[in-house]
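Here are the chains, one letter per residue:
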Amino acid sequence: MWCAWIMKARSPMPYEEKWAKRWLEERVFEADPIPGAPKIFVCVPYSYQNAPLHVGHGFTYTRGDAYARFKRMQGYNVLFPWAWHWTGEAVAGTCERLKRGDEAVKRMLVEIDGVPEELLEKFTDPAFVTRYYTEENREVVKAMGFSVDWRREFYTTDLHPYYSRFIEWQYITLRNLGYVAKGRHPVVWCPRCESPTGDHDRLVGEGVSPEEYTLVYFKLDEYDAFLAAATLRPETIFGVTNIWINPRSEYVLIEVDGKRLIVSRQAAEKLQHQMKVKVTERIDPEKLIGKFAEAPITGVRIPIFPADLVDPDFGSGVVYSVPAHAPYDYAGIVALRRNEERLRRYGIKEIVESIKPISIIRVPGYGDYPAVEEVERLGITSDTDPKLEEATKTIYSKEFHSGVMKENCGEYAGKSVAEARDLMKQRLIELRLGGVMWELPEKVVCRCGTETVVKIVEDQWFLRYSDPEWKRKVKEHIMRMNIYPEEARQWFLNVVDWLRDWACARKTGLGTRLPWDPNWIVETLSDSTIYPALYTISKYLNLGIVKPEQLTFEVLNYVYLGAGDPSEIAARVGLSESILRQMREEFLYWYPVDMRISAKELVPNHLTFYIFQHVAIFEPRHWPRGIGVNGMVKIEGEKMSKSKGNFIPLKRAIEIYGADATRMTLLLAAEDLDDPDWRDKNAREAMRMLETILKICEQVASIEEAEESEADAWLLSTLQRRIERITSNMEVLKTRTAASEAIYGLYNDWKWYLRRNGGRIGRAARIFMETWIKLLAPFIPFTAEEAWSILGKSGFVSLERWPEPDKRLINEVVELREEILTRLMEDVRSIIEVYRRNPRRVIIYLAAPSKIRMLEKALEILDARPHNPVGELIRWIMSERIIEAKKAPNMARLIFDLISAYSSRYAREAILEVAKSEKTFYERARDFLERELGALVEIYEEGAEGIYDPRGKALSALPLRPGIYVE
RNA sequence: GCGGGGGUAGCCAAGCCUGGUCAAAGGCGCAGGACUGAGGCUCCUGUCCCGUAGGGGUUCGUGGGUUCAAAUCCCACCCCCCGCACCA
């Protein structure tokens, strides 16, 4: 019933569909345990099914697939499975918006995601949406040629017949181990929607998260109550000189936890989301002003002053004033002193005059009163000057990072500001002279238009990632893992350090219910951690060998942990013992995951959780072995996003360029943590390249072999080096380098070979071609299969053995000769270019035998690693009278320049052999040179009889670098 | 702010760990030529500046330093990108 809606991605490359079909039909990528055979388990994170897969997915997946294919060809038994993520709240959110008739959602679905309009009505059902995309994306994954064992496929949530059983097992196990616990935590909350307001659900305030303020209670002489001031800097209590309240705001008396507190009316409302608050009466601020209150800890009595700078909508609407270290406070005092009307009205003139900043923090670069200095430096004159914000930031940060508490701070004296801050907060709370208030540093407005507050969610289930012991184990394992690129390792370690407890359950969306508390649904990132383990047995469920209901806690405990007696367990669930044992064996065979490949956005969450959960649940031998991290795709240099309209679904890429060109474009775009840039130009170039490869293949397949030449030896020799480089790069997931070598590196070799061979195709061509196709197979598998069949090969190149470099075919002499030949051509061209005329004759002078002896000596000297090799060679040249003494130093230098280019890459023997056989070599290459240079080529040896040398160029001849004269 | 990555020629991007072979791979773009009926295909050549001889000069975010020698090592600074938790 689904197929009617799903349009297959049609590649413009006619052969792609054919091979995709054959791979499936012949079950090429289905992997079962082979006892004794080495295995590799490669996987990529499953994607959330709320949209079509895009080229960003394509990048990560292609890397994963290329690695899987590479390892498969190397002879490993490779498992590369696939699944779909349905868990989460986003789809439900979209469905809701659609239900409400949101035009933007409709447009996005139809225009960007390509959903048929008549289906929109069904898109109000989350399950339908995820199913729809799964059906569509599965076709895309197949069309991309990912080498998946489809028998193991599943999707998540309790809509699936058995996935939730796995999640339940995971969470019961985690809870039994003490890794799941209940707690409370602050969220940005929309009072109207009665739900947390995530970043993507906001009209205003993206990226804003709750900040923790400390409430400091100041005992009032009257009301038998406390003024509760909210602050980010409780350590400054030693410097308090007064309290600020806003005379134009409303204040209320509230009861919290048996304490009577005074805060602004607005603050009282907000606090109701964070604690049990009872509002008892209104308080007139006018009556408070001029009164005194007692500061906690210090016991100092301080006056209450009016200030407009106090915002009743922010914090508690009560501020305590530390003019020495808080620019706002200092500016407030200054402003109040000038406000005769207020001073008179409240009768506080004298007391205000007497206020002196109290210095309590020593900070490098400032005197006793940093706030005063900063206010004066910026020329701030009013307490509403916007520059105060900047001043506050500067002081806050300076004091936090390098401030030390002064002697007048009691037991906190000498401690850093950062340390004192935490201790003071703790102490105030202990003494019940303070509390915690969460506040948003900026306004956040929900998509529904309501301004949000901070709510403390009670009874929230957490994964206890803050557990030091758990962290330690995870970090130790990270140190041992294969992580590519290496830079990502430190990142992981930092993330582990920084990770707090993770709220692992939600009230809404699709997913699996917590088995012991079904009001909660396991959160999306929390349910997608150890599921690679499910791949090892999902085959049994999908093939109907095991029934979903047989996947009990006991069964899973046995399969994954080896717990319990298999025959008893099997009997209890009505499963044959051998099947149960086989599942255990299969898990043991495939696990651990050898390589998990993902984009870097998942480092701070999924990938780290993945390690945590494995470390918690499984035996150490089953902990993940390798992780590969990559960048995130950009489109023509810009971030890809649906709103920008530069969103490229994989399906569309396939339809325009074909799967292989898409794969190739992505692979060549970046590796390591760099962000690949998708460019249409590059994709079109990739298409042409694929055609070219097939053309070359046809040529090689059809043409009769010419006689073997030196070019054949060169082609095979250089091929070995390519094999080596591609292989070693693939081992460390340098997919870009590897693909580039495999595609362009070998292509350039081929071009040179043809050129050098005058277009003749020799014996090496076929060997080269076969090897080339194999080397291409992990990257552009469709084209590789097609090429393989063009060569007349049967079977799949995907299953061929990966080439290994054959040392015997490496021929340094031949390689070096090609190198000096190209060097010669470059030199000649460079001369012609300056000469600016087409040459008729090019004369080449080869170095005299005495100079070859000089080269030999130079190599000897270099081997001995003396202090002054050049000097030694000069002395030798002069003693042997190779050249007139005056020119010896220059000659020596030239020789060393020359061999420095070769000596590290070529053996001494090879260099000498090439030098000694230059004459015959250039004679053989003469036809080629004439063809290339479009001129007659003559070759002489320096000092030979009858030499034609009108400009004395023979003298400049060096071994491996002949003299040149152009006419 | 904290953490991670990065700044290389017209563009994209390698090189940097393991200094010299680096005026700096490869691709794109551009220019010239070959092929062709023609070409938006393919191939060759060139593409920092100067030069009628293979050379010289100035370059690899900025400023210092180490070294016989630095794109590569060290220090400081500037700029850009990404993540920072209830979104997956």
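Here, the structure is the one placed above.
Residues numbered from 1 in each chain as written. Chains lettered and ligands numbered in written order. Predicted model: local features only at pLDDT ≥ 70, side-chain atom pairs only at ≥ 80, totals over all residues. Heavy atoms only, no water.

Draft legend 1. Region of the structure containing the environment of Asp-594. Residue position: Asp-594 is located in the loop between helix H20 (577-590) and strand S28 (595-599). Remark: the alpha-carbon pair of Asp-594 and His-622, spanning 28 residues in sequence, is separated by 9.8 Å. The residues touching Asp-594, leaving out its near neighbours within four places in the chain, are Lys-39, Ile-40, Phe-41, Arg-625 and Gly-626. A polar side-chain atom of Asp-594 sits 2.6 Å from a polar atom in the side chain of Lys-39. (Helix = DSSP H or I, 4+ residues; strand = E, 2+ residues; numbered from the N terminus. Contact = heavy atoms within 4.5 Å. Polar contact = N/O pair within 3.5 Å; in protein donor to acceptor, adjacent residues only side chain to side chain.)

Draft legend 2. Seen up close, the protein's contact with RNA strand B. The immediate surroundings of RNA strand B are formed by 54 residues, with Glu-89, His-185, Arg-506, Arg-736 and Tyr-747 found nearest. The sugar-phosphate backbone supplies 62% of the atoms of RNA strand B found within 4 Å of the protein. The separation between a sugar or linking oxygen of RNA strand B and a polar side-chain atom of Asn-494 is 2.7 Å. Within the side chain of Arg-755, a nitrogen or oxygen atom sits 3.1 Å from a phosphate oxygen of RNA strand B. Within the surface near RNA strand B, the residues separate by chemical class into 18 nonpolar, 14 polar and 22 charged. (Near = heavy atom within 4 Å. Nonpolar A, V, L, I, M, F, W, Y, C, P; charged D, E, K, R; others polar.)

Draft legend 3. View of the sheet that holds strand S22 (residues 453-463). What the four strands build is an open sheet, ordered S7-S6-S22-S24; its pairing is antiparallel. Edge strands, defined here as strands with exactly one partner in the open sheet, are strand S7 (195-196) and strand S24 (502-503). Here strand S6 (residues 180-190) pairs with S7 via two bridges, running antiparallel. Among the inter-strand pairings, Trp-189 is bridged to a residue of S7, identified as Pro-196. (Pairing = 2+ DSSP bridges.)

Draft legend 4. Representation of the pattern of salt bridges. Here the structure, examined in full by the defined rule, presents 83 salt bridges. Here Arg-725 ties to Glu-741 by a salt bridge, and the two come within 3.3 Å at their closest N and O atoms. With a gap of 16 residues between them, Arg-725 in helix H25 (residues 710-731) and Glu-741 in helix H26 (residues 735-756) connect regions that are remote in the sequence. One network of salt bridges, in which partners are shared, links Arg-27, Glu-30, Asp-32, Asp-149, Arg-151, Arg-152, Lys-539 and Glu-586. (Salt bridge = Lys/Arg side-chain N within 4 Å of Asp/Glu carboxyl O.)

Draft legend 5. View of the pairing of strand S9 (residues 211-220). When you tally the buried positions in S9, you get seven out of 10 residues, the bulk of the element. The sheet contact formed by S9 and strand S20 (residues 434-439) spans six bridges and is antiparallel. Looking at the pairing, Tyr-213 lines up with Met-437 of S20. As paired elements, S9 and strand S10 (residues 226-231) share six bridges and run antiparallel to each other. Bridge assignment links Tyr-217 to a residue of S10, and that residue is Ala-228. The antiparallel pairing of S9 with S10 creates a hairpin that spans five residues between the two strands, and Tyr-223 there sits at a positive phi of about 65°. With two bridges connecting them, S9 and strand S15 (residues 292-294) associate as antiparallel partners. The partner of Leu-220 across the bridge, within S15, is Ala-293. (Buried < 20%, exposed > 50% of the residue type's maximum accessible area, 1.4 Å probe, protein only.)

Draft legend 6. The arrangement of the pairing of S22 in detail. The buried fraction of S22 amounts to eight of the 11 residues, a majority that puts the element mostly inside the structure. Pairing of S6 with S22 involves nine bridges; the strand directions are antiparallel. Among the inter-strand pairings, His-185 is bridged to a residue of S22, identified as Val-457.

Draft legend 7. Seen up close, the layout of surface pockets. For the second largest pocket, the calculated volume is near 1,200 Å³. In terms of lining residues, the second largest pocket is bounded by 30 residues, among which Tyr-213, Leu-232, Phe-314, Tyr-328 and Thr-392 are the most central. Here the lining of the second largest pocket takes five residues from helix H13 (residues 387-402), the largest share from any one element. Of the residues assigned to the lining of the second largest pocket, the class counts are 16 nonpolar, seven polar and seven charged. (1 Å grid on protein atoms, 1.4 Å probe; cavity = no way out; pocket = protein on both sides within 12 Å on 5 of 7 lines; lining within 4 Å. Points joined across faces, edges and corners; volume = space filled by probe spheres on them.)

Draft legend 8. Broad picture of empty space enclosed by the protein. With the rule as written, the count across this model stands at one cavity of 30 Å³ or more. Size it by volume and the largest cavity reaches roughly 40 Å³. Here the lining of the largest cavity is composed, by residue class, of four nonpolar, no polar and three charged.

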